[in-house]
Amino acid sequence: MDTPASLPIIASADGPSPLHAIKRQSLWLLLAFFLAISSLAGYNLLEKQAEQEQARQIHAWTEIGIEISQVVHELQKERGLSSGYIASGGQRFAAVLESQYHLTDSAVERLYDVQQRNPATATGTALAQAVERFQGLSRLRDGVTDLHLAREAVVDRYTEIISPLFEHLLASVSVGRDGWIYRQQMAFLYFLQTKEMAGQERALVTAMLSARDFGAMRMAAFHRIKAVEQDRHEKFLQLSDGETQAAYGRLGTAPYVAEAERIRRLLIAVAASQEPPHIRYSAEQWFDLASRYIDALGEFERGLSQRLLASSQRLEEQARWALLLNTLAVLASFSLAAMLLVRLWRGKEVAEQNLNLAAKVFDHSVEAIIIADADVRILEVNQAFTRINGYSREEVLGQHPRLLQSGRHDHGFYTAMWEKIWRTGSWEGEVWNRRKSGDIYPALLSIVAVKDRKGAISHYIAMTVDLTQYKEAEALLEQLRTFDPLTGLPNREAWHSAVDQAVVSARRSDGRFALLEVDLDRFKVINESLGLAAGDQVLLAAAEILKRLLRRHDVAARSGGDRFSMLLPDMGDARDIGAFCERLLAAFAVPIEVHGQPLHLSVSIGAVLYPADGDNTGTLVQNAESALYRAKEDGRACYKFYSAEMNAATSRLLVLEQMLRQALERDEFSVVYQPQVDAGSKRLVGVEALLRWRNPELGMISPVQFIPIAEATGLILPIGAWVLAQSCRQARLWREQFGVDVPVAVNLSARQFRHEGLMQTVERVLVENDLPAHLLELEITEGLLLHDPQGAAAILERLRQRGITVALDDFGTGYSSLAYLKTLPLDRLKLDRAFVKDLPDNASDRAIACAIIALGHNLDLQILAEGVETGAQGEFLEQAGCHVFQGYLYGRPMTPAELEAAVEQGALAIVEGQSPALPRPQDSVDIEAAGAVGIVADARQLIADVAQQAAADRDAVPGLDLPAVGAGDDVH
């Protein structure tokens, strides 16, 4: 297609500037300028490459210098130790010398690694020659160990290995002869030489003290070493900055420096004296002082090396950035020159391509474009216009765009549109247009006025986007936002809107209505067992059931997951609502067929009334959910009306849970201990640990309230571990204070018992508190054993092998399986207070108590009775064969201080010496001696009945798992 005639007209409105020719000539001048800049940048680039290579050499020198300093440090120590070893005839420094060999070898290996990383550099090549001397280090060590070498020869050999390293550093430092980095390199090198002289001094003095030889030759060597050290020290200070000098000066203030100087002066004095040497310092003392000073120099050296390394890295980084910037400058210069050249040669072609591109964009745009003249007569249209509106190009040329008017907009609409175009030069908005076929469609229209050089409007350009598909998609999105795509019922958002409208309407008319929350019971089981597709079929079937039960104005919605909600307008009588709920329950009682398989489904329903149960949507929905949860708690397949107590109980549980999460951090828990006394001697033989919680806001909170919450949320694990640690710590303290063992019994919750880290926790607590295992007793309930008898038996066996006592609490109050009991590794049965409180007056309690005691005796178990509050109870239980008592008769739960006071005041007698083992049961019990012949007969009959019933239960219901209902003095 040819370029539309209108496009040149529009372009001519912004015709070429008079300065266009001048700008074109300027491009040649800019080209010459950028070529000159590129040449200069290229020359500078070569210089920056050289600077970067120099910086890289400095960095390599620094890295190698650091590793050389470490090797020298270790060789110096090895030299000093070898000198002392030979001087003492092998009597000293043998063990430490062997350890030093490994340190030296490690430093040499690191130096080899650095040298291999820099093989091509000047430093790497020279270093390869210097490190060849390390090959003779093994032979030198053999000579030292076998005492085949003289001390002076050994020192010289080590010095011959060290000296080339310094010579290498000095020879290769030339790579940094310019600027501040050179001063740092030389200062570092002089410091290493100063440290080397200190190492030679250490070796010489060590040998002098080891051999007690302070002759003239050795003293001459000593003075020579000190002179060289002083010279290197002064040169180091001359090249160092003020901060480094100050830090170096602080090294001389250490006490061991003064002590070492004292030894030097003493050596000089002894050498000058004609008397036999009398010096109280040993070679080891001097070596230790000298090594501490040299180690301090080593620490200082590491600081110097790090600063030098940082300086070299900074220098290399600066060189790298300079090279990068120069490279970019060269590239930019050449790029700009190339761009200018291309623009000069292709200016005309680019202009023609742009015009052709504009024509293509105009012709193939998805928007319908109209170009009109100043009289609003159509000059040109594109293909999108003919496709959208149905008119051909020839039909509309010369026509007014009003032929597209739909008739939906009045005269005022168009008047306002043109006024804005004349005022601002453009207009944009939604309009309704009419196609040639007569169909009306929504469109987004934008009009722009094109002005000539004089500011007069010469053309109008109108662009139109067909919004038909957008409107349809918007309607579909609105449908998706409002309705559940699976069931076709309103979704949660639409449901809340419907309830809002119902509330507003009821307020105006003083009306009433009901809300129902309906939940499919055990829907998760269907999803997990039959798959998500089957779950979707169940949801569809449930939705159909709800739709069949709806009245004309009722609303049902899927509020999420397996939850449905129902709005029942004009239903305010509880009896009517109850009848509707019954119909709903009955409808779901009929099996639903899914994939050819009948499924029995039930629902739980929560109901609320407006305005009795809430006067706004949020309150009504929340209360309906509370009623629903109560229905599920009461066994499901039922309906519950809301009551205020539901929210109160829920709110209290939430508050307790939040406070419980912070209780450990705020130190609100405490442990009290209830005494356990021997039935015969009435002496203290143990305690039971009981948890207490005092909250600053709620005061003392019963364990019956917070333990179930802790168990459900998992907080029982950290709380239980804390109680276990506190109890073991207290048992250890009492053992130290009383001089006797006071075992402590701690209850285990179901979650603790089944947690995989139980044994690790118990072991850790025993070790941390240094408590013997036999002083810890762990109490469990029957319910923990029935869920997994084999797993429970394995855990109990591991506890008993560790030496921990295991007690079965609340025995007889739940499902007591004698088959499990006889196979479980237990030490003690605890007779629950439910069977103790009415003793000895209640005949049934007497029979049960005697039966349990007799059962424990026959199973070789110890028996502890809980809740002993009267002397008559204690006397009966003692005569019946009970071993240990626990109850208010012998002491309420006490704090550690209260229990200690009771022991000191004699209220609680304590066993002298080690705590005796609890009485072991005899093979036979003389119950007649207790005057209870009839009771024994009843007990034996009861044991037989219980055993027979247990066997029947086990055979009739394999794997029967019933929860135990615990009762006791307290709850942990």
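Relevant structure appears above.
Procedures and definitions
- Within each chain, residue numbers correspond to sequence positions counted from 1 in written order.
- Since the coordinates come from a predicted model, pLDDT governs what is reported: local features require at least 70, and pairs of side-chain atoms require 80 or more to be given and counted, while whole-chain, interface and lining totals use all residues.
- Side-chain measures here rest on the full set of heavy atoms in the structure, leaving out hydrogens and waters.
- Here an axis means a line fitted to C-alpha atoms, over the contact stretch when the element is a helix, while the angle between two N-to-C directions is reported on a 0 to 180 degree scale.
- Each helix is a run of H or I in the DSSP string that is no shorter than four residues. Each strand is a run of E no shorter than two, and both are numbered from the N terminus.
- Put simply, a crossing is left-handed when the front helix is turned counterclockwise from the back one by less than a right angle, and right-handed when it is turned clockwise.
- Any pair of residues with heavy atoms lying within 4.5 Å of one another is described as a contacting pair.
- For this classification, the nonpolar set comprises Ala, Val, Leu, Ile, Met, Phe, Trp, Tyr, Cys and Pro, the charged set comprises Asp, Glu, Lys and Arg, and every other residue, Gly included, is treated as polar.
- For every residue, the accessible area (1.4 Å probe, protein chains only) is compared with the maximum for its type, and the residue is labelled buried under 20%, exposed over 50%, or partly exposed between those bounds.
- Criterion used throughout: strands pair if DSSP finds at least two bridges between them.
- Summarising the geometry, the arc corresponds to the directions from the helix axis toward the C-beta atoms.
- Two rings from Phe, Tyr or Trp (for Trp, the six-membered ring) form a pair when their centres are within 6.5 Å of each other. A pair whose planes differ by under 30 degrees is stacked, one over 60 is edge-to-face, and the rest are tilted.
- For a lysine, the NZ atom is tested; for an arginine, the CZ atom; a charge sits over a ring if that atom is within 6 Å of the ring centre and within 35 degrees of the ring normal.
- By convention a nonpolar core is built from buried Ala, Val, Leu, Ile, Met, Phe, Trp, Tyr and Cys residues, the set being connected through side-chain atoms within 4.5 Å.
- By salt bridge we mean one thing: a side-chain nitrogen of Lys or Arg within 4 Å of a carboxyl oxygen of Asp or Glu.

A. The packing of helix 18 (residues 532-549) against helix 19 (residues 574-589), seen in detail. In contact at an axis separation of 11 Å, helix 18 and helix 19 are set at 140° when each is read in the N-to-C sense. Seen along the crossing, helix 18 lies across helix 19 with a hand that is right-handed. Contact residues: Ala542, Ile545, Leu546 and Leu549 in helix 18; Phe580, Arg583, Leu584, Ala587 and Phe588 in helix 19. Broken down by class, the residue content of the contact of helix 18 with helix 19 amounts to eight nonpolar, no polar and one charged.

B. Region of interest: the environment of valine 503. Within the element layout of this structure, valine 503 appears in helix 16 (residues 492-509). For valine 503, a relative accessible area of 4% corresponds to the buried category. For the pair valine 503 and asparagine 616, spaced 113 residues apart in sequence, the C-alpha separation works out to 6.6 Å. Not counting residues within four places of it along the chain, the set of residues in contact with valine 503 comprises Phe513, Tyr610, Asp615, Thr617 and Leu620.

C. Looking closely at the sheet that holds strand 4 (residues 440-451). Strand order in this open sheet of five strands is 2-1-5-4-3, and the pairing throughout is antiparallel. The two strands at the open ends of the sheet, each matched to only one other strand, are strand 2 (378-381) and strand 3 (426-434). Neighbouring strand axes in the sheet, compared pairwise and without regard to direction, differ in orientation by 25° on average. Across the sheet, helix 14 (residues 411-424) is in contact with strand 3, strand 4 and strand 5 (457-466); its angle to strand 3 comes to roughly 150°.

D. Focus on helix 5 (residues 137-145). Listed as buried for helix 5 are Leu137, Leu140, Arg141, Gly143 and Val144. Buried residues in helix 5, looked at end-on, bunch into an arc of 160°, giving them a common side. Two residues or fewer past helix 5, leucine 147 is found with a positive phi of approximately 60°.

E. Here's a closer look at the packing of aromatic side chains. For the structure shown, the criterion picks out 19 aromatic pairs. Note on phenylalanine 191 and phenylalanine 236: the rings are 5.3 Å apart at their centroids and 50° apart in plane angle, and the pair reads as tilted. Here phenylalanine 191 is found in helix 7 (residues 180-211), whereas its partner phenylalanine 236 is found in helix 8 (residues 216-239), with 45 residues between them in sequence. Centre to centre, the rings of tryptophan 418 and tryptophan 422 are 6.1 Å apart; their planes meet at 35°, and the pair counts as tilted. In this pair, tryptophan 418 and tryptophan 422 are both assigned in helix 14, four residues apart and thus about one turn of the helix distant. Of the residues examined, tryptophan 422 reaches a relative accessible area of 55% and is grouped as exposed. Aromatic rings pair up to connect Phe191, Phe236, Tyr248 and Phe300 into one cluster. The ring of tryptophan 432 has arginine 408 lying over it, and the distance from NZ or CZ to the ring centre is 4.2 Å. Between arginine 435 and the ring centre of tyrosine 441, over which it is positioned, the NZ or CZ distance is 4.1 Å.

F. Region of the structure containing the nonpolar core. Counting 80 residues, the largest nonpolar core has Leu660, Trp693, Leu776, Leu778, Leu877, Phe885 and Leu899 as its most contacted members. The leading source of residues in this core is helix 23 (residues 716-738), at eight residues. Not counting chain neighbours up to four residues away, the residues in contact with leucine 660 comprise Phe669, Trp693, Phe706, Ile709, Ala710, Leu715 and Ile719. Among the nonpolar cores identified, the runner-up in size contains 70 residues, and Phe214, Tyr248, Leu251 and Tyr281 belong to it.

G. Structural view of the pattern of salt bridges. Summed over the entire model, instances satisfying the criterion amount to 33 salt bridges. The partner of aspartate 521 in a salt bridge is lysine 632, with the nearest N and O atoms 3.4 Å apart. A residue pair is termed long-range when its members are at least 10 positions apart, and aspartate 521 in the loop between strand 6 (513-520) and helix 17 (523-530) and lysine 632 in helix 20 (residues 617-633) qualify at 111 residues. For lysine 632, a relative accessible area of 22% corresponds to the partly exposed category. With its nearest N and O atoms 3.8 Å apart, the salt bridge here joins arginine 563 to glutamate 625. Of this pair, arginine 563 sits in strand 8 (residues 563-569) while glutamate 625 sits in helix 20, placing them 62 residues apart in sequence. Look at arginine 563 and you get buried, because its relative accessible area is 12%.

H. Inspection of the environment of leucine 251 at higher detail. With respect to the secondary-structure elements, leucine 251 resides in helix 9 (residues 242-251). With a relative accessible area of 16%, leucine 251 lands in the buried category. For the pair formed by leucine 251 and tyrosine 293, sequence separation is 42 residues and the distance between their alpha carbons is 8.1 Å. If we skip the residues at most four places from it in the chain, leucine 251 touches Val257, Ala296, Leu297 and Phe300.

I. Broad picture of the pairing of strand 16 (residues 744-747). Burial of the side chains of strand 16 extends over both faces: Val744 and Val746 are buried on one face and Ala745 and Asn747 on the other. Pairing of strand 16 with strand 17 (residues 776-781) involves four bridges; the strand directions are parallel. Considered in strand 17, the bridge of valine 744 is made with leucine 776.

J. Spotlight on the sheet that holds strand 11 (residues 603-610). In spatial order, the strands read 7-8-6-11-12; together these five strands make up an open sheet with mixed pairing. Among the strands making up the open sheet, the edge pair consists of strand 7 (555-560) and strand 12 (639-641). Direction aside, neighbouring strands of the sheet carry axes that sit 20° apart on average. Here strand 11 pairs with strand 12 via three bridges, running parallel. Note that in strand 12 the partner of isoleucine 605 across the bridge is tyrosine 639. Along the sheet, helix 20 contacts strand 6, strand 8, strand 11 and strand 12; its crossing angle with strand 11, the most-contacted strand, is approximately 145°.

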